[in-house]
Amino acid sequence: VPSRLAVLPRFGKTEDIRWFEASPAYIYHVVNSWDEDDAVVMIAHRVHPRSFEKVASLPSEHARFLQNLTMDAELYRYRFDLRTGRTTEEKLDDRNAEFPSIHAGMQGRKTRFGYAMEMPREGGLLFTGLVKYDTDTGTSEAHSFGPGVYGSEAPFAPREGAKDEDDGYVTTFVVDEGRGASELWIYDAKSIAKGPVVKLRIPVRMPLGFHACWAPGAEMRP
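Residues numbered from 1 in each chain as written. Predicted model: local features only at pLDDT ≥ 70, side-chain atom pairs only at ≥ 80, totals over all residues. Heavy atoms only, no water.

**A look at the overall build of the chain**
- If you tally the helices and strands in the chain, you get three helices and 15 strands.
- Expected size for 222 residues packed as a compact globule is a radius of gyration near 17 Å; at 19 Å, the chain falls within 12% of this value.
- The 222 residues of the chain split such that 41% are buried.
- Considering only contacts within the chain whose residues lie at least 6 apart along the sequence, 48% involve residues at least 24 apart.
- Total accessible area computed for the chain in this model is approximately 12,500 Å², and 53% of it derives from carbon and sulfur atoms. (Helix = DSSP H or I, 4+ residues; strand = E, 2+ residues; numbered from the N terminus. Rg over C-alpha atoms; globule rule 2.2 N^0.38 Å. Buried < 20%, exposed > 50% of the residue type's maximum accessible area, 1.4 Å probe, protein only. Contact = heavy atoms within 4.5 Å. Areas by Shrake-Rupley, 256 points an atom, 1.4 Å probe, with all protein chains shown as cover.)

**Details of the nonpolar core**
- Counting 19 residues, the largest nonpolar core has Tyr115, Met117, Leu130, Phe145, Val170 and Tyr187 as its most contacted members.
- The contact partners of Tyr187, leaving out residues within four places of it in the chain, are Leu130, His143, Phe145, Gly168, Tyr169, Val170, Thr172, Ile192, Gly195, Pro196 and Val197.
- Counting 11 residues, the second largest nonpolar core, distinct from the first, contains Trp34, Ile43, Ala116 and Tyr133. (Core = buried A, V, L, I, M, F, W, Y, C linked by side-chain atoms within 4.5 Å.)

**Quick look at the side chain of Arg46**
- Along the polypeptide, Arg46 turns up in strand E4 (residues 39–47).
- In terms of polar contacts, Arg46 uses its side chain to reach the side chain of Tyr76, at 3.1 Å.
- A distance of 2.6 Å separates polar atoms of two side chains, one belonging to Arg46 and the other to Glu89. (Polar contact = N/O pair within 3.5 Å; in protein donor to acceptor, adjacent residues only side chain to side chain.)

**Side note on the packing of aromatic side chains**
- One pass over the full model with this rule turns up 10 aromatic pairs.
- Taken together, a centroid distance of 5.9 Å and an interplanar angle of 85° make the contact between Tyr28 and Phe99 edge-to-face. Within this pair, whereas Tyr28 is found in strand E3 (residues 26–36), its partner Phe99 is found in strand E7 (residues 97–101), the two being separated by 71 residues in sequence.
- Judged by relative accessible area, which is 37%, Tyr28 ranks as partly exposed. (Phe/Tyr/Trp six-rings, centres within 6.5 Å; stacked < 30°, edge-to-face > 60°.)

**Concerning the confidence of the model for the chain**
- With 91% of its residues at a pLDDT of 70 or more, the chain shows a mean pLDDT of 90.
- Here helix H1 (residues 50–53) is the element of the chain with the lowest mean pLDDT, 63, and strand E9 (residues 129–134) is the one with the highest, 98. (pLDDT = per-residue confidence, 0-100.)

**With respect to the sheet that holds E9**
- One open sheet holds the four strands; their spatial order is E7-E8-E9-E10, and the pairing between them is antiparallel. Unpaired on one side and paired on the other, E7 and strand E10 (139–144) mark the two borders of the sheet. Strand-to-strand twist of the sheet, defined as the mean angle between neighbouring strand axes without regard to direction, takes the value 25°.
- When E9 meets E10, the two strands line up antiparallel, connected through six bridges. What sits directly across from Asp134, in E10, is Thr139. (Pairing = 2+ DSSP bridges. Axes fitted to C-alpha atoms, helices over the stretch in contact; angles between N-to-C directions.)

**Focus: the sheet that holds E3**
- Judged by pairing direction, the sheet is antiparallel, and its four strands sit side by side in the order E3-E4-E5-E6 without closing on themselves. Unpaired on one side and paired on the other, E3 and strand E6 (87–91) mark the two borders of the sheet. The average angle at which neighbouring strand axes cross in this sheet is 20°, direction not considered.
- Relative to E6, strand E5 (residues 73–81) is paired through five bridges, and the arrangement is antiparallel. Across the sheet, Arg79 pairs through a bridge with Thr88, a residue of E6.

**A few points about the environment of Val7**
- Following the sequence through the fold, Val7 ends up in strand E1 (residues 3–7).
- Between the C-alpha atom of Val7 and that of Ala44, which follows or precedes it by 37 residues, the distance is 15 Å.
- Once residues lying within four places of it in the same chain are set aside, the contact partners of Val7 are Asp16, Ile17, Arg18, Phe20, Val40, Phe80 and Leu82.

Spelled out as structure tokens, the structure:
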């Protein structure tokens, strides 16, 4: 059974929906999407159906719950041709990664860079590293948090006065299970593979969470 995806004009009506078919899969989160010529391009982390095939055969409710939290997601580019109704799919990376972020000011416009959390293919929903994707060149770079260190979703924070899309920082809260310590790690978005440029110790243990966002301080003031 194919996947079916709907494209709706920003200012359209229900009857303006265009349906497209693609390979069987489940999309948890979309990185970004934009108009390009006579098509709509979508970058997304596609979860393979095999992630859910094991669930029904597992012996206990707890085991089934844990399996549902184990992802098998890879980065894909979809192109929905509005003239022909045809869908083109292209895998961009083999890593198991999800929970993406981009420069929030560029949502709905063409972007080149995305950031995502790398995960093990077995063992539950744990974020073990940070990946930066360049969807123009098809390249990527990554940084592993290290043994026993797990992160949270990592939003992008643009540098003041930035002109480049990736001129800024990527931040994530991490927990070091070995030390029982929580920290905020800050990366230079242009050099993810070099590791964090700053590690800020948090005085209390901060539980891991899936989602996060970045907002300038001025927007947070009453």
